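The residues making up each chain are set out below.
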Amino acid sequence: MITYQELLKSGENELVSSNISDAELDAWYLLEYLTGMSRAKFFLDRDMEVSDEIKDRYLSLIHMRKEHIPLQHITGTQEFMGFDFFVNENVLVPRQDTECLVENVLPFAHGKKILDMCTGSGCIIISLKKLEETAECTGADISKKALEVAQKNAASNEAEVYFKESDMFEKINGKYDIIVSNPPYIKKDVIKKLSKDVQNEPIIALDGGKDGLVFYKKIVNEAIDYLKLGGYLCLEIGYDQKKDVMDLIKENLQYINTYSKKDLYDNDRIVVTKVGG
């Protein structure tokens, strides 16, 4: 037989052997996820023997993590803007960086009609709806499986959000006050250099084409037809894409008052522009 403390240590060692970053923390999170055991409870019961069932299930989870399956895809959950979101292999894991986009849209979201293009898990548009209930919110994505995740998240968070399956703006109708998007923006040849964890996330949510700008070009060029006069286009960008994205926007003279904002790590993270007269 094995104790909880010994089981946790075994999990840590397995993850370390596979060069998993934050091995100690991940080993704990998986034990907590499986048993529901708090830290305090663990310290009280750490010398208790673990059942064979718990041991086998835990080591199975550890094996999945050793294969660089993202922790959130194993546990099926990730916090974003203080809300819990279900995630799986069909969606990108919500990042703290993206909270910057939500925070900067909120000040002008009251009573507005908002479209989230490339919605994925729905974390952006659902958070906006939860934090600004007067907004009329829609999320669009080309992936039917991603939309199933988004709809599940809207239901669990009790957020009234409408979702639409669409290849970019192909099936979008009407005009919006705000269009937000965190599109795929990683350069194709950079993806294979990313961590194995990230490479196990859906490529469709990462691949921004050869220059990383494929989706920005489409959104900037087409969003103008779906934005009301005075409407905002708000984009998350890669840390090194500020100039490229702002240059794309400048090419369309209908956009005015373009600016960028940094995230908590002082990286350029969002670009905001407005439809002028």
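Just so you know, these numbers come straight off a predicted model, no measurement behind them.

Parameters at a glance
- Residues numbered from 1 in each chain as written.
- Predicted model: local features only at pLDDT ≥ 70, side-chain atom pairs only at ≥ 80, totals over all residues.
- Heavy atoms only, no water.
- Patch = residues over 30% accessible without salt bridge, like charges linked within 9 Å, V, L, I, M, F, W, Y side chains within 5 Å.
- Areas by Shrake-Rupley, 256 points an atom, 1.4 Å probe, with all protein chains shown as cover.
- Salt bridge = Lys/Arg side-chain N within 4 Å of Asp/Glu carboxyl O.
- Lys, Arg positive; Asp, Glu negative; His and termini not counted.
- Charge placed at Lys NZ, Arg CZ, Asp CG, Glu CD.
- Helix = DSSP H or I, 4+ residues; strand = E, 2+ residues; numbered from the N terminus.
- Buried < 20%, exposed > 50% of the residue type's maximum accessible area, 1.4 Å probe, protein only.
- Contact = heavy atoms within 4.5 Å.
- Pairing = 2+ DSSP bridges.
- Expected span 1.5 Å × (residues − 1).
- Axes fitted to C-alpha atoms, helices over the stretch in contact; angles between N-to-C directions.
- Parallel < 35°, antiparallel > 145°, perpendicular 65-115°, else oblique.
- Left-handed = near helix turned anticlockwise from the far one by under 90°.
- Nonpolar A, V, L, I, M, F, W, Y, C, P; charged D, E, K, R; others polar.

**Some details on a negative patch on the surface**
A contiguous patch of negative charge on the surface is contributed by Asp167, Glu170, Glu222 and Asp225. Of note, Asp225 is situated in the loop between helix H11 (214–223) and strand E9 (227–236). Since its relative accessible area comes to 51%, Asp225 is described here as exposed.

**Digging into the environment of Ile256**
On the secondary structure map, Ile256 appears in strand E10 (residues 255–262). Judged by its relative accessible area of 34%, Ile256 is partly exposed. Note: C-alpha distance between Ile256 and Cys234 (22 residues apart in sequence) is 13 Å. When residues no more than four places from it in sequence are discounted, the contact partners of Ile256 are Thr273, Lys274, Val275 and Gly276.

**Examining the pattern of salt bridges**
Using the criterion set out here, one finds eleven salt bridges in the structure. A salt bridge links Arg57 to Glu53; the shortest N-O distance between them is 3.6 Å. With a gap of four residues between them, Arg57 and Glu53 both fall in helix H4 (residues 52–66), about one helical turn apart. The salt bridge partner of Asp247 is Lys243, with a shortest N-O separation of 2.8 Å. Of this pair, Asp247 and Lys243 both sit in helix H12 (residues 242–250), four residues apart, roughly one helical turn. Through salt bridges with shared partners, a single ionic network connects Asp97, Asp263 and Arg269.

**Focus: the pairing of strand E8 (residues 176–181)**
Counted residue by residue, E8 has six buried out of six residues, so it is predominantly covered. When strand E5 (residues 113–117) meets E8, the two strands line up parallel, connected through four bridges. The residue of E8 that forms the bridge with Leu115 is Ile179. The sheet contact formed by E8 and E9 spans five bridges and is parallel.

**Quick look at helix H2 (residues 23–35)**
The terminal C-alpha atoms of H2 lie 18 Å apart, and with 13 residues this matches the ideal 18 Å at 1.5 Å per residue to within 8%. Listed in full, the buried residues belonging to H2 are Ala23, Asp26, Ala27, Trp28, Leu30, Leu31 and Leu34. Buried positions along H2 lie against helix H1 (4–17), helix H3 (39–45), H4 and helix H5 (71–75). One or two positions beyond H2, positive phi appears at Gly36, with a value near 75°.

**Examining the packing of H1 against H2**
Between H1 and H2, the least distance of the axes is 8 Å, while the angle of their chain directions is 130°. It follows from the interaxial angle that H1 and H2 lie oblique. Crossing hand, H1 versus H2: right-handed. Note on element contacts: H2 touches H1 through Ala23, Glu24, Asp26, Ala27, Trp28, Leu31 and Thr35, opposite Tyr4, Leu7, Leu8, Gly11, Glu12, Leu15 and Val16. By residue class, the composition of the contact of H1 with H2 is nine nonpolar, two polar and three charged.

**Let's talk about unusual backbone geometry**
The phi angle at Asp22 is positive, at roughly 55°, despite the residue not being glycine. Looking at the element boundaries, Asp22 is found in the loop between H1 and H2. The backbone phi angle of Glu158 is positive, close to 50°, even though this residue is not glycine. Looking at the element boundaries, Glu158 is found in the loop between helix H8 (144–156) and strand E7 (161–165).

**Considering the sheet that holds strand E6 (residues 136–141)**
Overall, mixed pairing links the seven strands, which are arranged E7-E6-E5-E8-E9-E11-E10 in an open sheet. Both edges of this open sheet fall to E7 and E10, since each of them pairs with a single strand only. Each strand of the sheet is rotated relative to its neighbour by a mean of 20°, with strand direction disregarded. Against the sheet, helix H7 (residues 123–131) contacts E5, E6, E7 and E8, and its axis sits at roughly 160° relative to E7. Each of E6 and E7 is contacted by H8, which is oriented at about 175° to E7, the strand it contacts most.

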